[in-house]
Amino acid sequence: MEEEDFRELAQVIRQQLQELGLESVADIDNYVVDAEGERRRPSARVLVFEMLKAFDRHVALLDRSVYEHAMGGIREVISEGARPEDAVIQIDPGVSEIVGARDLFSLRDVHDIGEVRVSLRRLIESLERDEP
Amino acid sequence: VNKGQAIAEVKRIFGRYHGVTQRDDRWLSTLAGGKVYELYCLSKVLERLRQTYGFRLQFRGTNIQFQASPGYIDHSRPHFIIQGSSGHHLELFTDIEFTTLGKSRTQSNDLSSYHEVDLVVVPAGINGRPSHQMIALAVECKSHAIFTKSIVKEVLGVRREMTFLQSSTRSILAQLSPLHPSITVPADPASEYWVAFSDARGLQYAHSPSAFGITFQHWQP
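As a starting point, this report considers the structure included with it. Since this is a predicted model, take the numbers as computed values, not measurements. (Residues numbered from 1 in each chain as written. Chains lettered and ligands numbered in written order. Predicted model: local features only at pLDDT ≥ 70, side-chain atom pairs only at ≥ 80, totals over all residues. Heavy atoms only, no water.)

Attention now moves to the interface of chain A and chain B. Chain A puts 63 residues into the contact, and the matching count from chain B is 58 residues. Both faces considered, chain A and chain B share a buried interface measuring about 5,400 Å² in area, 68% of it formed by carbon and sulfur atoms. Among the residues chain A hides against chain B, the three largest losses belong to Arg57(A), Leu61(A) and Val77(A). Together they make up 13% of the total. In this assembly, chain A and chain B are joined by 6 salt bridges. A salt bridge links Arg56(B) to Glu80(A); its shortest N-O distance comes to 2.7 Å. For the pair chain A and chain B, the number of links is 22 residue pairs in polar contact (both at pLDDT 80 or more). Those elements that place two or more of their residues in the side of chain A that touches chain B are α1 (3–19), α2 (23–26), α3 (44–60), α4 (64–77), β3 (87–90), α5 (93–99) and α6 (114–129) of chain A. It is α6(A) that contributes the most residues to the side of chain A that touches chain B, 9 residues altogether. Taken together, the residues of the side of chain A that touches chain B sort by class into 38 nonpolar, 10 polar and 15 charged. (Contact = heavy atoms within 4.5 Å. Buried area = accessible area lost by both parts, 1.4 Å probe. Salt bridge = Lys/Arg side-chain N within 4 Å of Asp/Glu carboxyl O. Polar contact = N/O pair within 3.5 Å; in protein donor to acceptor, adjacent residues only side chain to side chain. Helix = DSSP H or I, 4+ residues; strand = E, 2+ residues; numbered from the N terminus. Nonpolar A, V, L, I, M, F, W, Y, C, P; charged D, E, K, R; others polar.)

With that settled, consider the packing of aromatic side chains. Residues and elements named next belong to chain B. The full count for this structure, using the stated rule, is 11 aromatic pairs over all chains. Between Tyr53 and Phe55, the ring centres sit 5.8 Å apart and the planes meet at 15 degrees, which makes this aromatic pair stacked. With respect to class, Tyr53 is no different from Phe55; both count as buried. Sitting over the ring of Trp194, Arg48 keeps its end group 6.0 Å from the ring centre. (Phe/Tyr/Trp six-rings, centres within 6.5 Å; stacked < 30°, edge-to-face > 60°. Buried < 20%, exposed > 50% of the residue type's maximum accessible area, 1.4 Å probe, protein only. Lys NZ or Arg CZ within 6 Å of the ring centre and 35° of its normal.)

Residue and element names in this part refer to chain B. Sheet architecture is open: 7 strands sit in the order β1-β3-β4-β5-β6-β9-β10, paired in mixed fashion. Taken across any chain shown, the strands that pair with only one partner, and hence form the sheet edges, are β1 (56–60) and β10 (214–218). Direction aside, the axes of adjacent strands within the sheet are offset by 30 degrees on average. Judged from the 9 bridges that link them, strand β4 (residues 89–99) and strand β5 (residues 114–123) form a sheet pairing that is antiparallel. Looking across to β5, one finds that Glu91 is bridged to Val122. The sheet contacts of helix α4 (residues 149–160) involve β4, β6 (137–142), β9 (192–197) and β10, and relative to β9 the element is tilted by about 160 degrees. (Pairing = 2+ DSSP bridges. Axes fitted to C-alpha atoms, helices over the stretch in contact; angles between N-to-C directions.)

Moving on, we come to the sheet that holds strand β2 (residues 64–67) of chain B. Here 3 strands make up an open sheet; going across it, the order is β4(A)-β3(A)-β2(B) and the pairing mixed. The open sheet has two free edges, formed respectively by β4 (104–106) of chain A together with β2 of chain B, since each of these has just one partner strand. Averaged over neighbouring strand pairs, the angle between their axes works out to 30 degrees when direction is ignored. Pairing analysis gives 3 bridges linking β3(A) to β4(A), with the strands arranged antiparallel. Looking across to β4(A), one finds that Gln90(A) is bridged to Leu104(A).

To continue, consider helix α2 (residues 26–51) of chain B. An ideal rise of 1.5 Å per residue puts 38 Å on 26 residues; α2(B) measures up with 38 Å between its terminal C-alpha atoms. Two to three positions downstream of the cap, the backbone nitrogen of Trp27(B) sits 3.1 Å from a side-chain oxygen, assigning the N-cap of α2(B) to Asp25(B). (Expected span 1.5 Å × (residues − 1).)

The subject of this paragraph is the pattern of salt bridges. Residues and elements named next belong to chain B. Per the counting criterion, the structure on display carries 20 salt bridges over all chains. Note that Lys35 and Asp95 form a salt bridge whose closest N and O atoms lie 3.0 Å from each other. In this pair, Lys35 sits in helix α2 while Asp95 sits in strand β4, placing the two residues 60 residues apart along the sequence. By the burial criterion, Lys35 is buried, and Asp95 matches it. When the shortest N-O distance is used, the salt bridge between Arg129 and Glu97 registers 3.0 Å. Taken together, the residues span a long stretch of sequence, with Arg129 in the loop between β5 and β6 and Glu97 in strand β4 at a distance of 32 residues.

On to the packing of α1(A) against helix α1 (residues 3–21) of chain B, then. The geometry of α1(A) relative to α1(B) is characterised by a closest axis approach of 10 Å and an angle of 10 degrees between their N-to-C directions. Viewed along their axes, α1(A) and α1(B) adopt a mutual orientation that is roughly parallel. Two secondary-structure elements touch here, α1(A) through Asp5(A), Glu8(A), Leu9(A), Val12(A), Ile13(A), Gln16(A) and Leu17(A) and α1(B) through Lys3(B), Ala6(B), Ile7(B), Val10(B), Lys11(B) and Phe14(B). The residue inventory of the contact of α1(A) with α1(B), partitioned by class, reads 8 nonpolar, 1 polar and 4 charged. (Parallel < 35°, antiparallel > 145°, perpendicular 65-115°, else oblique.)

Structural measurements only, silent on function.
So this is what it looks like as structure tokens:
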């Protein structure tokens, strides 16, 4: 793919990010690099990779496999006694009523969204293989 | 892959994400995302306390419990016990406000007299809001997909309210550690302050804050 193709791809990715409300990930100014005291905008090619990787970091926050990995690590380092069964968020009752959530939200209930991350990484790898 | 295939795949991936998350409450989704990252950081912190410092770790409670709103240390809430050398015990709590250095000097009691930290390690037996003098380790977990300079400014401000700058001395954790690592901080009290983040760009901001004993940790799930 040529730089012009990456420019078009970057536009599509920005539009998708904005539709999800991820303005900071879509903001090109957040990808400016400081090179020897000079602030430079990345090429469209670099911008595509950076935005896809930032989206992957965002998706990871709602990925149940991250929860499971962390819980496994915690159970493993405890020397003796009980291991935690789950991780929950305690929400003030007044707030939980408004948002329609339970007072205790289990992080086990975040999405099984690993397939999205696998697809993202495959796409990044296939684009990287296409380096000029 | 050609341009058309790449665009189609981008739309498919984003569509799949949207399909899974579209019914989520935005507030709850953001909260849960932040806490998943906090849980990931907790696993990293405990691993380091075990491996680098040699502490023995126990858990009190059934489930790890994060707070939607930060609060006080309450021993009826789940927490971790950290067993150091010579019978010294520490405890780790989540989502705790500590009272500031500025408060101790001005006796003020307004909204500036306390700040939240995501994970805090203090000597065993403390209740309520710990003072800045009681902190052995404080950890901020920044889940932002994009690391921005405002995070650096924020943690510099929190560190200012935690310690005085002084010549380097062994950290409280290092002093209590069975392994006696040679970890020093330029701070009085000699608390450690770690800032965890998932965007590698955060590492570009690490040098100047290190002069104040702020350690940047790139932890990406």
